[in-house]
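Below, each chain spelled out in residue letters.
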Amino acid sequence: MSDKKVDAKGYWAATIRLTLSLLAIWFVVSYGAGILFRDFLDQFSIGGATLGFWFAQQGSIYVFVGLIFYYCWAMARLERKFGVEG
Amino acid sequence: MDWTLFFVITTFALYVGIAIWARAGSTDDFYVAGHDVHPTVNGMATAADWMSAASFLSMAGLIAFLGYGGSVYLMGWTGGYVLLAVLLAPFLREFGKFTVPDFVGDRYYSDVARIIAVICALFVSFTYIAGQMKGVGVAFSGFLGVDFNIGIGIGMVIVFFYAVLGGMKGVTYTQVAQYCVLIFAYTVPAIFMSLIITGNPIPQLGFIGNTAGEDISMLQKLNSVVTNLGFQEYTQTDKSMFDVFAITGALMFGTAGLPHVIIRFFTVPSAKAARLSAGWALVFIAALYTTAPAVGAFARINFIDTVNESTYIADDADYEAEAAAIAAAGGTPVPTWYKTWEKTGLLEYEDKNGDGIMQYRGPNAPDGLENEVNPNQDIFVLANPQIAQLPAWVIGLVVAGGLAAALSTAAGLLMVISSAVSHDICRRTLFKDMDDKTELRVARGAAAGAVVAAGLLGIFSAQLGFVAQVVAFAFGLASASLFPVIFLGIFWKRMNKEGAIVTMLFGLISTFAYIVYFKFGAGTADQYLFGVSPEGIGFVFMWVSGALGIGTALATAPPPQDIQNLVEDIRVPGTRQAHGMADEGMAPTTSS
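Quick caveat: nothing in here was measured; it's all calculated off a predicted structure.

Enquirer: So what's going on with the overall build of chain B? Residues and values would help.
Expert: The helix and strand inventory of chain B stands at 23 helices and four strands. The dimensions of chain B, computed from C-alpha atoms along their principal axes, are 85 × 50 × 40 Å. The buried share among the 592 residues of chain B stands at 64%. Sequence separation of at least 24 residues holds for 80% of the intrachain contacts in chain B that already meet a minimum separation of 6. Surface exposure of chain B reaches about 19500 Å², of which carbon and sulfur atoms provide 64%. Chain B carries 29 positive and 44 negative side-chain charges, and their two centres are separated by 14 Å.

Enquirer: Could you give an account of the overall build of chain A, naming the residues involved and the relevant values?
Expert: Check the secondary structure of chain A and you find three helices and two strands. Along chain A, helices (α) and strands (β) appear in the sequence α-α-β-β-α when read from the amino end. For 86 residues, the compact-globule estimate of 2.2 N^0.38 gives 12 Å, and chain A exceeds it by more than 25% at 18 Å. The proportion of buried residues among the 86 residues of chain A is 52%. Counting every atom, chain A has about 4200 Å² of accessible surface; 66% of that belongs to carbon and sulfur. Counting 8 positive and 6 negative side-chain charges, chain A places the averaged centre of each group 7 Å from the other.

Enquirer: A description of the interface of chain A and chain B should follow, citing residues and the corresponding values.
Expert: Across the boundary between the two partners, chain A contributes 42 residues, which contact 53 residues of chain B. Both faces combined, the contact of chain A with chain B buries some 4200 Å², and carbon together with sulfur accounts for 74% of it. At the junction of chain A and chain B, the tally comes to one salt bridge. Two residues, Glu 79 of chain A and Arg 275 of chain B, come together in a salt bridge whose shortest N-O distance is 2.7 Å. Those elements giving two or more residues to the side of chain A that touches chain B turn out to be helix H1 (8-36) and helix H3 (51-82) of chain A. Counting residues per element, the side of chain A that touches chain B draws most heavily on H3 of chain A, at 18 residues.

Enquirer: Tell me about the confidence of the model for chain A, and name the residues and values.
Expert: On average, residues of chain A score 86 in pLDDT, and 93% of them are at 70 or above. Looking over chain A, one finds the lowest element-wise mean pLDDT in strand E1 (residues 45-46) of chain A, namely 82, and the highest in H3 of chain A, namely 92.

Enquirer: Break down the packing of helix H3 (residues 39-50) of chain B against helix H8 (residues 148-198) of chain B for me, with residues and values.
Expert: All names here are of chain B. The N-to-C vectors of H3 and H8 enclose an angle of 70°; their axes lie 8 Å apart at closest approach. Taken together, the axis directions place H3 and H8 in an arrangement best described as roughly perpendicular. Note that H3 runs across H8; the crossing there is left-handed. Listed contacts from H8 to Val 41, Met 44, Ala 45, Ala 47, Ala 48 and Asp 49 of H3 are Thr 172, Tyr 173, Gln 175, Val 176, Tyr 179, Cys 180 and Leu 182.

Enquirer: Pulling in residues and values, what's your account of the nonpolar core?
Expert: Within soluble globular proteins, side chains that are nonpolar tend to cluster in buried spots. Membership of the largest hydrophobic core comes to 241 residues, with the highest contact counts inside it found for Trp 26 of chain A together with Trp 50, Phe 56 and Tyr 289 of chain B. Counting residues per element, this core draws most heavily on H8 of chain B, at 22 residues. Apart from the residues within four sequence positions on either side, Tyr 289 of chain B is in contact with Ile 61 of chain A together with Trp 50, Met 51, Ser 55, Met 59, Tyr 73, Leu 74, Trp 77 and Thr 78 of chain B.

Enquirer: Any details on the packing of H8 of chain B against helix H19 (residues 436-460) of chain B? Residues and values, ideally.
Expert: Residue and element names in this part refer to chain B. In contact at an axis separation of 9 Å, H8 and H19 are set at 160° when each is read in the N-to-C sense. By the criterion of interaxial angle, the relationship of H8 to H19 is roughly antiparallel. Read as a crossing pair, H8 and H19 show a hand that is right-handed. Between H8 and H19, the contacting residues are Phe 148, Asn 149, Ile 152, Met 156, Phe 160, Val 164 and Leu 165 on the first element and Arg 444, Ala 447, Ala 448, Val 451, Val 452, Gly 455, Gly 458 and Ile 459 on the second. Of the residues in the contact of H8 with H19, the class split is eleven nonpolar, three polar and one charged.

Enquirer: Requested: an account of the confidence of the model for chain B, with residues and values cited.
Expert: All names here are of chain B. Looking at chain B as a whole, its pLDDT mean stands at 84, while 95% of the residues score no less than 70. Helix H2 (residues 27-32) is the least confidently modelled element of chain B, averaging 78 in pLDDT, while helix H22 (residues 537-555) averages 94, the highest of any element. Per the prediction output, this complex has pTM 0.88; the corresponding ipTM is 0.92.

Enquirer: Let's hear about helix H13 (residues 271-289) of chain B: which residues, and what values?
Expert: Residues spaced three or four apart along an α-helix point in a common direction, a consequence of the helix completing one turn every 3.6 residues. When the terminal C-alpha atoms of H13 of chain B are compared, their 26 Å separation across 19 residues agrees well with the 27 Å that a helix rising 1.5 Å per residue should span. Counting buried positions along H13 of chain B gives 14 out of 19 residues, so the element sits mostly inside the fold.

Enquirer: Account for helix H10 (residues 218-228) of chain B, naming residues and giving values.
Expert: Regarding H10 of chain B, the residues found buried are Met 218, Leu 219, Leu 222, Asn 223 and Val 226 of chain B. Angularly, the buried residues of H10 of chain B cover 135° about the axis, an arc narrow enough to put them on a single face. Next to the buried residues of H10 of chain B lie strand E2 (49-50) and H3 of chain A together with H8, helix H9 (203-207) and helix H14 (292-307) of chain B. One or two positions beyond H10 of chain B, positive phi appears at Gly 230 of chain B, with a value near 95°.

Enquirer: Can you explain the environment of Glu 372 of chain B? Please cite residues and give values.
Expert: Residues and elements named next belong to chain B. Tracing the backbone shows Glu 372 in the loop between strand E3 (357-358) and strand E4 (373-375). We classify Glu 372 as buried; its relative accessible area is 3%. Spatially, the C-alpha atom of Glu 372 lies 6.4 Å from that of Lys 352, the residues being 20 residues apart in sequence. The contacts of Glu 372, once residues within four sequence positions are left out, are Glu 348, Tyr 349, Glu 350, Asp 351, Lys 352, Asn 353, Asp 355, Ile 357, Met 358 and Gln 359. At 3.1 Å, the side chain of Glu 372 forms a polar contact with the backbone nitrogen of Lys 352.

Enquirer: Outline a negative patch on the surface, listing residues and values.
Expert: All names here are of chain B. A contiguous patch of negative charge, built from Asp 316, Asp 318, Glu 320 and Glu 322, is present on the exposed surface. You can see Asp 318 is positioned in the loop between strand E1 (310-311) and helix H15 (319-328). Under the relative-accessibility criterion, Asp 318 is labelled partly exposed at 49%.

Enquirer: With reference to specific residues and values, describe the side chain of Ser 217 of chain B.
Expert: Position of Ser 217 of chain B among the secondary structure elements: in the loop between H9 and H10. Those residues in contact with Ser 217 of chain B, other than ones at most four positions away along the chain, are Gly 48 of chain A together with Gly 209, Asn 210 and Thr 211 of chain B.

Enquirer: Which residues make up the pattern of salt bridges, and what values go with them?
Expert: Summed over the entire model, instances satisfying the criterion amount to ten salt bridges over all chains. Note that Arg 38 of chain A is salt-bridged to Asp 42 of chain A, the shortest N-O span being 2.9 Å. Judged by relative accessible area, which is 3%, Arg 38 of chain A ranks as buried. Under the relative-accessibility criterion, Asp 42 of chain A is labelled buried at 18%. A salt bridge links Asp 102 of chain B to Arg 114 of chain B; the nearest nitrogen and oxygen atoms lie 3.7 Å apart. Here Asp 102 of chain B, found in helix H6 (residues 100-107), pairs with Arg 114 of chain B, found in helix H7 (residues 111-143); they are twelve residues apart in sequence, far enough to count as distant. Each member of the pair Asp 102 of chain B and Arg 114 of chain B is classed as buried.

Definitions and limits used
- Residues numbered from 1 in each chain as written.
- Chains lettered and ligands numbered in written order.
- Predicted model: local features only at pLDDT ≥ 70, side-chain atom pairs only at ≥ 80, totals over all residues.
- Heavy atoms only, no water.
- Helix = DSSP H or I, 4+ residues; strand = E, 2+ residues; numbered from the N terminus.
- Buried < 20%, exposed > 50% of the residue type's maximum accessible area, 1.4 Å probe, protein only.
- Contact = heavy atoms within 4.5 Å.
- Areas by Shrake-Rupley, 256 points an atom, 1.4 Å probe, with all protein chains shown as cover.
- Lys, Arg positive; Asp, Glu negative; His and termini not counted.
- Charge placed at Lys NZ, Arg CZ, Asp CG, Glu CD.
- Rg over C-alpha atoms; globule rule 2.2 N^0.38 Å.
- Buried area = accessible area lost by both parts, 1.4 Å probe.
- Salt bridge = Lys/Arg side-chain N within 4 Å of Asp/Glu carboxyl O.
- pLDDT = per-residue confidence, 0-100.
- Axes fitted to C-alpha atoms, helices over the stretch in contact; angles between N-to-C directions.
- Parallel < 35°, antiparallel > 145°, perpendicular 65-115°, else oblique.
- Left-handed = near helix turned anticlockwise from the far one by under 90°.
- Core = buried A, V, L, I, M, F, W, Y, C linked by side-chain atoms within 4.5 Å.
- Nonpolar A, V, L, I, M, F, W, Y, C, P; charged D, E, K, R; others polar.
- Expected span 1.5 Å × (residues − 1).
- Arc of directions from axis to C-beta.
- Polar contact = N/O pair within 3.5 Å; in protein donor to acceptor, adjacent residues only side chain to side chain.
- Patch = residues over 30% accessible without salt bridge, like charges linked within 9 Å, V, L, I, M, F, W, Y side chains within 5 Å.

Laid out in structure tokens, this is it:
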């Protein structure tokens, strides 16, 4: 379809790296902060809520939203870099 | 009552108006709204599509009862969007077909795989839709005094209008309207309650703030109130950590694998738009999901405040006179909202110690009294405006919001069901030379049939306590069968037809059997596999079915070269060569 030089391999490798790092954060804020390390985090608090509980019921959701928009931004950058149409 | 009628009629007229405006002219319009929905608009439609009667009516109530245990729903039903955004949506959009079985059938060059995917999609969607129709019936019977079955009938007529006429195009724009209605209806009472309880108008801040006029945080106060009544601390759970982990996982991966959510991402113009759309969807969803834990906590406080230790008044007694007498004697009469809702069966009171006073207690009450009041979780969102004594129009708004949530999700599910029948079974499997016009007629017919089937299912499932089972079924099946097969189809070129069939069949059968055995059969909690409850088992079986699929794929022949090329093409936007977007460009000779 396109005549431009598209570095598909480089693009895909970079996409995988980005995806893995985002999923690492995704895991840490939900399963990590909200469940596995919840008891540890509960010694801190944010306002009137303990931190682990807050991550489980509020914080993880805010981070998820941020992650997806960062992904959009980072993918647009990758697409420019590797000449992909997007 | 008058306000309720006003809001319900106004919003329904709006939905029908949109349906007439957004008529579908082609199968492209009907299945994917012509592939040209703006990402933000699609995000809003996805949010309404996703947030069902369960999210709107039941979730805050579940959290009110479960406290920290309710977090599984909050994290699970939002975290799935991260998976959807980075693992599935952009690639499926790049693939560019109409349905989830389309992808499975073409990617795995097999009509057997396509049909199994159809079965998974239909099974998930039908269980889910029954709960929506039931929600419609509850809202009508609880507020408008309409018979439960007639309420479902009215809901069916409305959905029929925009789903059958407008297809995905009509559904998309009605869902946008429904999102606006439902989010307004959800946040207005939450803001009122937050103001009353914490003095802060923003529920998310009130949630972590202090109790109004006191020097103790709202959550600490709630913890002490519930433990004094013999419940577990609000910020704790009695589920094991692994179980909480597994349930969250099943809900997340299940969310990403739900066909009615995935097909929303086929409606945007590009892979880039699909990513952005997932972000917007989660913003709109988060608006409700970050409010819900606050509503849950406030509702628990309000419920205990108004009901516990109040004096019961029988149905046949003169409420006004009795209430005045009780108040004069220094007691608290049972609130009027309680008497209103008692009729729906969502609240039960049994005077075990014969003192006429309503004791609400947990299992370990320090004063040794038995619990006498059993509220259903759905009562909290529905009755909250009355419990907090909000103006009458707020109550009407909540009803309209609940109906919007149920109808928008039902419409999305209907699209999955009708396209599975008309496109995947008829056009792609049985009658491959069917033309576009005929397919559109078949699609409308299938949508009409699905509306009727869904209504009947709603009526017959009314006797079952359906919400919890639906959650276990729909998400478990989606996470154990559809998610791994789509994920591997994109990220592992070597995955072949044999592997896909094994993955889907194992995921479907094992999860189905486990849930039926423990939810409807003889199973007891001590027999749980690794201590995982039926709600979370989809997460465990997802890994097993994925591993079995990979093993099978490695033991059999790799997929044909043109399929491997297809996978490479959908990974990189704009490079698709072999298989075009329109039906003419369907992958060549895909049947096995």
